[in-house]
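One-letter residues, chain by chain:
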Amino acid sequence: MKNSLKLLSIVLAALAFVTLNLAMTQKANEPWVIPAKYKAMKSTIKAGDPSINTVGKELYNQHCRSCHGTKGLGDGPKAKNLKTSTGDFSSKAFQDQADGEIYYQSFVGRDEMPNFEKKIADEGDRWAVVYYMRAMKK
Amino acid sequence: MKPMKNILRIFATVVIGLLLAQNVAFAQEEEVTEKPKERPARAAFESGLLFDGATTTLQPSKTLEMVIQHRFGSVENGITDLYGIWAPSNIRMGLNYSILDNLMVGIGATKFNKMQDIQLKYNVLQQTRSNKIPVTISVYEVIGIDGSADSKFGNNYKFTNRLSYFTQILISRRFNDKISLQVAPSFTHYNSTDSLVDHDRFAISLAGRYKFSPQSSLIISGDFPLQIQGISEYRKDVNDEQDLPPVANICIGLEVATSTHAFHVYLGSSQGIIPQENILYNKNKFFKGNIILGLNITRLWNF
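Conventions adopted
Residues numbered from 1 in each chain as written. Chains lettered and ligands numbered in written order. Predicted model: local features only at pLDDT ≥ 70, side-chain atom pairs only at ≥ 80, totals over all residues. Helix = DSSP H or I, 4+ residues; strand = E, 2+ residues; numbered from the N terminus. Buried ≥ 20, exposed ≤ 12 C-beta atoms within 10 Å, placed from the backbone. Contact = placed C-beta atoms within 7 Å. Core = buried A, V, L, I, M, F, W, Y, C linked by C-beta atoms within 7 Å. Pairing = 2+ DSSP bridges. Axes fitted to C-alpha atoms, helices over the stretch in contact; angles between N-to-C directions. Parallel < 35°, antiparallel > 145°, perpendicular 65-115°, else oblique. Left-handed = near helix turned anticlockwise from the far one by under 90°. Nonpolar A, V, L, I, M, F, W, Y, C, P; charged D, E, K, R; others polar.

## A word on the overall build of chain B
Part 1 of the argument: Within chain B, the regular secondary structure consists of two helices and 14 strands.
Part 2 of the argument: Looking at the 303 residues of chain B, the share that counts as buried comes to 37%.
Part 3 of the argument: When contacts within chain B are restricted to residue pairs at least 6 apart in sequence, those whose partners lie at least 24 apart make up 59%.

## Some remarks on the nonpolar core
Part 1 of the argument: Counting residues in hydrophobic clusters, the biggest one holds 23 residues, and the most contacted among them are Leu50 and Leu170 of chain B.
Part 2 of the argument: Beyond its immediate sequence surroundings of up to four residues, Leu170 of chain B is in contact with Ala54, Thr55, Thr56, Ile137, Ser138, Tyr140, Gln182 and Ala184 of chain B.
Part 3 of the argument: Core analysis: the next-biggest nonpolar cluster, separate from the first, contains 20 residues, Leu59, Tyr60, Ile120 and Met133 of chain A among them.

## Some thoughts on the sheet that holds strand β8 (residues 163-174) of chain B
Residue and element names in this part refer to chain B.
Part 1 of the argument: Sheet architecture is closed into a barrel: twelve strands sit in the order β3-β4-β5-β6-β7-β8-β9-β10-β11-β12-β13-β14, paired in antiparallel fashion. Each strand of the sheet is rotated relative to its neighbour by a mean of 20°, with strand direction disregarded.
Part 2 of the argument: Bridge count between strand β4 (residues 90-100) and strand β5 (residues 103-110): eight bridges; the pairing is antiparallel. Residue pairing for β5: Met93 is matched across the bridge by Ala109.

## Here we look at helix α3 (residues 55-63) of chain A
Part 1 of the argument: Inspection of α3 of chain A places Val55, Gly56, Glu58, Leu59, Tyr60 and His63 of chain A among the buried residues, and these make up the whole buried set.
Part 2 of the argument: Against α4 (65-68) and α7 (123-134) of chain A lie the buried residues of α3 of chain A.

## Here we look at the packing of helix α6 (residues 99-108) of chain A against α7 of chain A
All names here are of chain A.
Part 1 of the argument: In the contact formed by α6 and α7, the axes pass within 10 Å of each other and the chain directions differ by 110°. For the element pair α6 / α7, the angle class is roughly perpendicular. Relative to α7, the crossing made by α6 is right-handed. Every residue of α7 that contacts α6 at Asp99, Ile102, Tyr103, Ser106 and Phe107 is listed here: Arg126, Val129, Val130 and Met133.
Part 2 of the argument: Classifying every residue of the contact of α6 with α7 gives six nonpolar, one polar and two charged.

## Some remarks on the pairing of strand β7 (residues 136-146) of chain B
Part 1 of the argument: Pairing geometry for strand β6 (residues 115-125) of chain B and β7 of chain B, over ten bridges, is antiparallel. Its bridge partner being in β7 of chain B, Tyr122 of chain B is matched across the sheet by Val139 of chain B.

## What to know about the environment of Val67 of chain B
Residues and elements named next belong to chain B.
Part 1 of the argument: Relative to the elements of secondary structure, Val67 occurs in strand β3 (residues 63-74).
Part 2 of the argument: Placed 29 residues apart in sequence, Val67 and Asn96 show a C-alpha to C-alpha distance of 7.8 Å.
Part 3 of the argument: Every residue in contact with Val67, bar those within four places of it in the chain, is listed here: Leu49, Gly94, Asn96 and Thr298.

Here it is as structure tokens:
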């Protein structure tokens, strides 16, 4: 009887370990479905606007850095606890997207990526964040 | 003294009424002329809370904010009570909810005096980036309900003895990305006070922020109770230290703000937490070493 209990405990512990590890493995991101109106969006500020390195940098650091990392590499302190990868803003795949696609992903969001439309209410400020992420290109 | 009290109440009501009317007038003007939309300036302060006072900052509509405010005892006894950490401490837990982008209501409970409070903050005017409107103005009201035993309020106890009111007009300006300042005149009224303590007091509060990194700021504030003999019920030449008028509540500290949190670690003088307590009862003098370590945490949820 004792041996059976021991065996059962070991099996349960092993199952818990495997389940926990599987749960903690980050899934690759599903492709984003981005509405056409966002794809066609044009920025309300120009590249090189002074707000990019002031407002854009400040808002990125306040709202995005904890998951996406200081340089957008997806290595922020909270990133490991997420189910999905936070991506790499310096990568070609990210930088090849249209401005409006980055805007939609950043502020409308989905699942673990929260909506930031309320927290960053001003349209110009949002574009400053988009251009700040553009500057993370390798 | 009663006519003076009524005059002050009428004055406070008229000021708030005028400010609200002004807001309506602005809205009407916008509808008629359809001018290009002014961009509101970014908030002067990261949080609606600065130490134990309010700022003009309001969270967007449908945002719930949880607030935990903690103040240890005075550092004066040194290592004996670990610089106030082992001394009796005061704590407040509160919840604020933004009904509209410019209207917040809140409730809270504080340990000292078993104080409950109801709060309301209304943003009347918003600073714009073009500087057409150079300041942000909000009206802030705190109603306190003292939960102490009936006997504290004397022989002729009535529930209304428990009530206290704090009315403040907050005027702030974000000068640039680093520096913001605020000035806030206020009026405090207690229905019932300790002996030799005035029921009414005007005060002026000053606050400032210097943001030295994207998430961190140096913050400072001072609440200065005004001794106006015209509304004082007692002579100013009292001898007992405890019967002297209240003194300024000075706070200086560090603020760290993230997307959903604001943390304050600071040194302050008053051990009260809700503003009317600090204005009417603070006898701790910051520059005489009556200093208290304080901590605040706020957490936001958007719906």
